[in-house]
Amino acid sequence: MNPVQILVTGFTGQLGRLVAGALRDQHQICPRVLVRPQHLSQDWEAPRGMEVRSGDFTDPASLSAALEGCDAVFLVSPVHPEMRSREMALVEQAAAMPRPPHIVKISGLGTRLDSFVDSGRWHAEIEQRARELRLPATFLRPMFFMQNMGRQIPGVLATGILHGAVEAAAIAMVDARDIAEVAAAVLIGDSPIQGQAVPLTGSHAFTHEEIAQALAVAFGQEVKYERQSSEEMRALLSSLGMPDWHSEIVLQYNRAFIQGWASQVSDTVEQVLGRAPRRLEDYFAELATASVSPDDPR
Ligand SMILES: NC(=O)c1ccc[n+]([C@@H]2O[C@H](COP(=O)([O-])OP(=O)(O)OC[C@H]3O[C@@H](n4cnc5c(N)ncnc54)[C@H](OP(=O)(O)O)[C@@H]3O)[C@@H](O)[C@H]2O)c1
């Protein structure tokens, strides 16, 4: 029997999978993972050492069933106009439990009620609802995942050009694996940041010039940063089929980066894990030697 019962949402996504894996492999806990019913076909391979529950943020009964007996919940969902209603549904169900669990929520860049970044405002509203309901909660606020950069590498290496509409902004990226390890520590109640809202970053804020240089070193070829205008970026995103609401948010991120919203380094990873955060240069080296892939960073 687990000392604590933990529900992990978003298991089929990037962070949820890593958090569930960290709980199982580093803390010997069998997490309960929430998976939408459409995944649970006959081909679904049940993950080792995890308890799978079928559920959806839009199905409150499935949430309350999954929350039964839980001490803590990892809450994550994709950036989407429905993000508020999805995550608030879980928050409401958690507050209705006889013993409300500790919510460990992933928020993000510009998490403020007056933010011009739409997703930042949505995160702030969800955090506010959890506080109003007096739920025990810890809010983890990464700014930018190194893995986003990892996914761009094939295109960058094909052209030798790293495009970006962030001018000379410095961005304190964090490795998704560090976010997951921090979240796992908070979920089991073993961290000095319980109940706080904290930024999560790596140990250096990188400009795109520096990222291009780090890519050149890791992959042994010339890489140059080429600045794009917002309009060029908008046209690119639209040509890739991104919906307007989403490209608007990407442009808001870029504006926030240029204004320095992600330039501050925090020591949260070190405080919680007792070691330095993973470095971008090392992540690129892992990708170059194919010991990890951007979509499977373990
Ligand atoms: N990427 C970054 O640089 C960055 C930076 C800061 C903060 N963040 C934050 O990180 C979060 C995204 O994390 P991620 O990359 O792990 O997301 P992700 O890979 O897109 O995964 C999202 C998960 O949510 C699940 N989900 C979607 N709709 C659902 C529903 N109705 N009911 C139940 N589950 C549902 C998805 O399940 P399905 O597979 O069934 O769709 C998936 O498992 C966002 O809140 C974002 O603001 C990201």
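This text follows the structure it describes.
All values reported here derive from a predicted model rather than from experimental measurement. (Residues numbered from 1 in each chain as written. Predicted model: local features only at pLDDT ≥ 70, side-chain atom pairs only at ≥ 80, totals over all residues. Heavy atoms only, no water.)

### Re the sheet that holds strand β2 (residues 32-35)
Here we have seven strands laid out as an open sheet, ordered β3-β2-β1-β4-β5-β6-β8, and parallel in their pairing. Both outer strands of the open sheet, β3 (51-54) and β8 (197-200), are each paired with one neighbouring strand and no more. Across this sheet, the average inter-strand angle for adjacent strands is 20°, counted without regard to direction. Here helix α1 (residues 14-27) sits on the sheet and contacts β1 (6-8), β2, β4 (72-75) and β5 (102-106); the angle it forms with β1, its principal contact strand, is near 150°. Helix α3 (residues 83-95) contacts β4 and β5 of the sheet and is inclined by roughly 170° relative to β4. (Pairing = 2+ DSSP bridges. Helix = DSSP H or I, 4+ residues; strand = E, 2+ residues; numbered from the N terminus. Axes fitted to C-alpha atoms, helices over the stretch in contact; angles between N-to-C directions. Contact = heavy atoms within 4.5 Å.)

### Some words on the packing of aromatic side chains
Within the structure shown, the criterion is met by three aromatic pairs. Between phenylalanine 144 and phenylalanine 257 the ring centres are 5.7 Å apart and the planes differ by 80°, which places this aromatic pair in the edge-to-face class. Note that phenylalanine 144 is positioned in the loop between β6 (137-142) and α5 (146-159) and phenylalanine 257 in helix α9 (residues 244-258), a separation of 113 residues in sequence. The exposure classification of phenylalanine 144 matches that of phenylalanine 257, with both residues buried. Judged by centre distance (6.2 Å) and plane angle (35°), the rings of tyrosine 283 and phenylalanine 284 are tilted. Lying across the ring of tryptophan 261, arginine 112 places its NZ or CZ 4.7 Å from the centre. Positioned above the aromatic ring of phenylalanine 116, the side-chain terminus of arginine 255 is 3.7 Å from the ring centre. (Phe/Tyr/Trp six-rings, centres within 6.5 Å; stacked < 30°, edge-to-face > 60°. Buried < 20%, exposed > 50% of the residue type's maximum accessible area, 1.4 Å probe, protein only. Lys NZ or Arg CZ within 6 Å of the ring centre and 35° of its normal.)

### So, the site of the ligand
The environment of the ligand is formed by 24 residues, the closest being Thr12, Arg36, His39, His123 and Asn148. Contact distances for the ligand include 2.7 Å between an oxygen atom and a side-chain N or O atom of arginine 36. Between phenylalanine 57 and the ligand, the recorded distance is 2.9 Å, taken from a backbone N or O atom to a nitrogen atom. When the ligand is considered free in solution it has 930 Å² of accessible area, and contact with the protein chains removes 83% of it. Per-class residue counts for the shell around the ligand are eleven nonpolar, ten polar and three charged. (Near = heavy atom within 4 Å. Polar contact = N/O pair within 3.5 Å; in protein donor to acceptor, adjacent residues only side chain to side chain. Areas by Shrake-Rupley, 256 points an atom, 1.4 Å probe, with all protein chains shown as cover. Nonpolar A, V, L, I, M, F, W, Y, C, P; charged D, E, K, R; others polar.)

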